[in-house]
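As a plain string of letters, each chain reads:
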Number of protein chains: 2
Amino acid sequence: MQISSRFTIAIHIITCIETFKDEYKTTSDFLAASVNVNPVIIRRILQQLKKAGIVETKRGSGGAYAAKPLDEITFYDIYKAVDCVENDLFHFHENPNTNCPVGRNIHFVLDNRLHDVQNAMENKLKEMKLSDVVNDTLKLIGKEAQ
Amino acid sequence: MQISSRFTIAIHIITCIETFKDEYKTTSDFLAASVNVNPVIIRRILQQLKKAGIVETKRGSGGAYAAKPLDEITFYDIYKAVDCVENDLFHFHENPNTNCPVGRNIHFVLDNRLHDVQNAMENKLKEMKLSDVVNDTLKLIGKEAQ
DNA sequence: TATTTTGTAACACTCATTGTTACAACGAGA
DNA sequence: TCTCGTTGTAACAATGAGTGTTACAAAATA
C-alpha cells in the first residue's frame, strides 16, 4: 500500500509552475515533460487542485497558475485535494461478529487510537508549506549555476 | 488508498487470543468466526505474525498463542509484521525528467519531508501497546456483564 | 490409525491506480 | 470569422494489490 503518486506529482507541478512562471507558459504538456508522464495525468491533477482553490487554469491561451500565495498552501491541502485518503487511513474489517464479546467491542477500543495515528501524520503534513519546497528548489538550482 | 485490513484483523486476532485463552481453543476457525472472514485469511495473517515472533501456532492440536507479553508488542510491530507499507509510505513518480531543473532536484527537496511525515505516523504506532487494547476490551466486556 | 488443525497453493473477483487515445469546448490572435 | 493551441473529459486498457474461496498435503495428538 502506498499513497498515490498524485500527491508527489501535484507538488512537482506547483513547484514547476512557480519556478518557471516568468520564463515559460506552464501548459500541461510542459509540466508533463518535467514530471515525465502523460499530459492527461497532469490535467486531471490540475483539475483536482483547481477544485480545491489551489491553482487556476486557462483554456485556449493555456497555462496553469497558483491561485494563492505558496506560503498559504500546505502539504495537507494538496493531500486532501488529490484525494489520497478518503476518510479513514486504516481499512477496518467490515463485519466483526457482534455475537462475540471481542467482535462487538473492537471498534470502541480501536477507533480512537487509529484516529490518533492518522492525525499524527496529517498534522505533520499541515506543518509543511509549498513555499519552503520552492525556496529549497531555487537554492539547489542556484548552486548548479555556480 | 487505505492501509490493509490485515492490520486491524491482526489486532483483533491477538485480542481474541488473549481474551479467550483460558476458555476456548483459539483455532483459525474460532478466530475467523469473531472477525467474520474466511479462516484462510486468519491463517495467513497468523503466519505473518509468527514470522515476526509475535505469536505461535500449533498444528494438529491447534490454537494460536501470544509469543511474548502483550506490553512488549506495539501497533508498529504488527504493522511491520503484516506488511502494510513496504518501505515508503508515499509513492514517488518514477522518472522525473533530469533535463528539467525541477525534475532533477525534486527528490532532494521532498525525500526528507516525506520521511518526516512517515516517521510521525510510525512513531505514534510505536506508542501503542497491545496490552492497552486488551485491557480496554476486558473493561468493556466487564461492563456488559453488569 | 483416525481425527483435527495448520500451512499453503491455486484461483478468481474486485477495485484503485496509472496510462492512452480521442475529441469537443474554449480563447486569443491573425 | 477562422485557425490554432490548449484545456476538460470521456472511454477504455493494463496492471497490481487486496480479499475471498476451495482444496489438500503435512503435522500432532489421542
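Please read these numbers as outputs of a predicted model, since none were measured by experiment. (Residues numbered from 1 in each chain as written. Chains lettered and ligands numbered in written order. Predicted model: local features only at pLDDT ≥ 70, side-chain atom pairs only at ≥ 80, totals over all residues. Heavy atoms only, no water.)

(A) Structural context of the overall build of chain A. Along chain A, the regular secondary structure elements total 6 helices and 2 strands. Counting from the amino terminus, chain A carries its helices and strands in the arrangement α-α-α-β-β-α-α-α. Relative to its length of 146 residues, chain A is extended, with a C-alpha radius of gyration of 20 Å against a globular reference of 15 Å. Principal-axis analysis of the C-alpha atoms places the extent of chain A at approximately 65 × 35 × 25 Å. (Helix = DSSP H or I, 4+ residues; strand = E, 2+ residues; numbered from the N terminus. Rg over C-alpha atoms; globule rule 2.2 N^0.38 Å.)

(B) Layout of the interface of chain A and chain B. At the interface, 57 residues of chain A touch 57 residues of chain B. The junction of chain A with chain B conceals about 5,200 Å² of combined surface from both sides, 69% of it contributed by carbon and sulfur atoms. Looking only at chain A, the three residues that lose the most surface to chain B are Met-1, Gln-2 and Arg-113 of chain A, adding up to 14% of its buried area. Our count for the chain A to chain B interface comes out at 4 salt bridges. The partner of Asp-136 of chain B in a salt bridge is Arg-113 of chain A, and the shortest N-O contact between them spans 3.0 Å. Applying the counting rule to chain A against chain B returns 28 residue pairs in polar contact (both at pLDDT 80 or more). Secondary-structure elements contributing two or more residues to the side of chain A that touches chain B are α1 (6–20), α2 (28–35), α5 (106–127) and α6 (130–145) of chain A. If you tally residues by element for the side of chain A that touches chain B, the top one is α5 of chain A, at 12 residues. Of the residues belonging to the side of chain A that touches chain B, the class tally is 32 nonpolar, 16 polar and 9 charged. (Contact = heavy atoms within 4.5 Å. Buried area = accessible area lost by both parts, 1.4 Å probe. Salt bridge = Lys/Arg side-chain N within 4 Å of Asp/Glu carboxyl O. Polar contact = N/O pair within 3.5 Å; in protein donor to acceptor, adjacent residues only side chain to side chain. Nonpolar A, V, L, I, M, F, W, Y, C, P; charged D, E, K, R; others polar.)

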